[in-house]
Amino acid sequence: MSETTRPAGESRSDPDGGHLERSRRVWNWWSDHYERSESDYEPMRETTVRYLDLEPGDAVLDIGCGPGVNFELLREAVGPEGRIVAIDYSPKMVDRARKRVTERGWENVEVRRADATRADLEPSAYDAAIATLSLSVMPSPEEAVERVCDALVPGGRFAVFDIRRVPSGPLRIVNPLLARALHLVANWNVDSNVTTAVERTFGDCDVVETYFAGVNYTAVATRRPAE
């Protein structure tokens, strides 16, 4: 798919088109340099995957999959009989993710180009979902989280590894500079609050791990059974 092709679910009158367009440019650039951070964050991603409590045969949704850094971890957990559906907005990230899948012969991994806030996801089709360093750079984490929740089966888990301002302590003094730097480098949404968005939709959001003075964190939520 070419960069000018509009991905599924994206509105022509998208009010957040400016943010999406800048995300496309920023993450297309990062697609050629992502390996610099892939290994640094690997232990955190491994921890986040473990919190999903995946079993062989499970179906998993990977939101903002980038070049596919989570695929191997997820496949180890769900096995060849499981299923992984991954989405990303950046055309070059999608190309790299698909290349990774093809090179490794992973027939149970599907990569789609889509805006996560408008992606057409099958309702109640996934046992778990994961988002690593992706929700906080989206124009509306709230909309993305709502779609994830709808796509999960009742009792399905959603695990998030992301970045935020320093939550407490004297290091909060660096928050304005941190927010500015993250916006410039990663198109971070300075108005976003991922954990609040998850809690509002799921009814709970437990921050289960923190790293680097709490700037990075892993959070987990569970879709409640229908009453």
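Predicted model, so just to flag it, every value in this text is computed and none were measured.

> What exactly am I supposed to notice about the overall build of the protein here?
Within the protein, the secondary structure is distributed over eight helices and seven strands. Relative to its 227 residues, the protein shows a buried fraction of 53%. Pairs at least 24 residues apart make up 73% of the contacts formed inside the protein by residues separated by at least 6 positions. By element, 48% of the accessible surface of the protein is carried by carbon and sulfur atoms, the whole surface being about 10,800 Å².

> Got a minute to help me understand a nonpolar patch on the surface in this structure?
Taken together, L171, I173 and V174 make up a surface patch of nonpolar side chains, about 300 Å² in accessible area. The topology assignment puts I173 in the loop between β5 (152-163) and α7 (175-186).

> Would you explain unusual backbone geometry in this entry?
Backbone phi values are negative for most residues with the exception of glycine, while trans is the configuration of most peptide bonds. Of note in this structure, S124 is not a glycine but carries a positive phi near 50 degrees. Secondary-structure assignment places S124 in the loop between β3 (109-113) and β4 (126-132). Positive phi outside glycine occurs at A213, with the angle close to 60 degrees. By secondary structure assignment, the location of A213 is in the loop between β6 (206-211) and β7 (216-222).

> How do you make sense of the pattern of salt bridges when you look at a structure like this?
Once the charged atoms of two side chains with opposite charge are near each other, the side chains can pair. Tallied over the entire structure, the rule returns five salt bridges. As a salt-bridge pair, E103 and K99 come within 4.0 Å of each other at their nearest N and O atoms. Pair noted here: E103 and K99 are both in helix α5 (residues 91-104), with a separation of four residues, about one helical turn. Both residues of the pair, E103 and K99, count as exposed. Connected through salt bridges with shared partners, the residues E110, R112 and E122 form a single ionic network.

> I keep staring at the nonpolar core and nothing clicks. Help me out?
The nonpolar side chains of a soluble globular protein tend to be buried, and buried together. Within the largest apolar cluster, 30 residues are counted, with the highest numbers of intra-cluster contacts made by L61, I63, L135, F158, V198 and F202. Mapped by element, the contributors of at least two residues to this core are β1 (59-63), β2 (83-88), β4, α6 (141-151), β5, α8 (194-202) and β7. If you tally residues by element for this core, the top one is α6, at five residues. Those residues in contact with V198, other than ones at most four positions away along the chain, are V145, F158, G203, D204, C205 and A221. Grouped together as the second largest cluster of nonpolar side chains are 20 residues, L52, V78, V111 and A159 included.

> Please explain the packing of α6 against α8 as it appears in this structure.
Two packed helices can be described by the angle between their axes and the distance between those axes. The contact between α6 and α8 brings their axes to 9 Å, and the two run at 40 degrees. The angle between the axes of α6 and α8 places the two elements in the oblique class. As α6 runs across α8, the sense of the crossing is right-handed. Between α6 and α8, the contacting residues are P141, E142, V145, E146, V148 and C149 on the first element and A197, V198, T201 and F202 on the second. Of the residues contributing to the contact of α6 with α8, the split by class is seven nonpolar, one polar and two charged.

> Help me understand the sheet that holds β1 in this model?
Each strand in a sheet pairs with its neighbour through backbone hydrogen bonds, running either in the same direction (parallel) or in the opposite one (antiparallel). Strands sit in the order β3-β2-β1-β4-β5-β7-β6 across an open sheet of seven strands; the sheet is mixed. The open sheet has two edge strands, β3 and β6, and neither has a second partner. The sheet shows a mean angle of 15 degrees between the axes of neighbouring strands, taken without regard to direction. For β4 and β5, the ladder comprises six bridges, and the chain directions are parallel.

The rules behind each value
Per-chain numbering applies: the sequence of each chain, read as written, is numbered from 1 onward. pLDDT decides what is reported in this predicted model: residues at 70 or higher carry local features, side-chain atom pairs at 80 or more are listed and counted, and totals for whole chains, interfaces and linings draw on all residues regardless. Side-chain calculation: all heavy atoms of the structure are included, whereas hydrogens and water are not. Only runs of H or I of at least four residues qualify as helices and only runs of E of at least two qualify as strands under DSSP, and these elements are numbered from the N terminus. A simple rule labels every residue: compare its accessible area, found with a 1.4 Å probe on the protein chains alone, to the largest value its type can have, and call it buried under 20%, exposed over 50%, or partly exposed in between. Only heavy atoms matter for contacts: two residues are in contact if any of them lie within 4.5 Å across the pair. Throughout, the Shrake-Rupley method with a 1.4 Å probe supplies accessible areas, and for residues the shown protein chains are the sole cover considered. Exposure above 30% relative accessible area and no salt bridge define the residues that can form patches, which grow by joining like charges within 9 Å and nonpolar side chains of Val, Leu, Ile, Met, Phe, Trp and Tyr within 5 Å. Here, a salt bridge means any side-chain nitrogen of Lys or Arg that lies within 4 Å of a carboxyl oxygen of Asp or Glu. In plain words, nonpolar cores are sets of buried Ala, Val, Leu, Ile, Met, Phe, Trp, Tyr and Cys residues tied together by side-chain atoms within 4.5 Å. To obtain each axis, a line is fitted to C-alpha atoms, and for helices this fit is confined to the stretch in contact; angles are then taken between N-to-C directions over 0 to 180 degrees. In these notes the angle categories are as follows: under 35 degrees is roughly parallel, over 145 is roughly antiparallel, 65 to 115 is roughly perpendicular, and the rest is oblique. Take the far helix as your reference; a near helix turned counterclockwise from it by less than a right angle gives a left-handed crossing, and one turned clockwise gives a right-handed crossing. For this classification, the nonpolar set comprises Ala, Val, Leu, Ile, Met, Phe, Trp, Tyr, Cys and Pro, the charged set comprises Asp, Glu, Lys and Arg, and every other residue, Gly included, is treated as polar. By the convention used here, strands pair only if DSSP detects at least 2 bridges between them.

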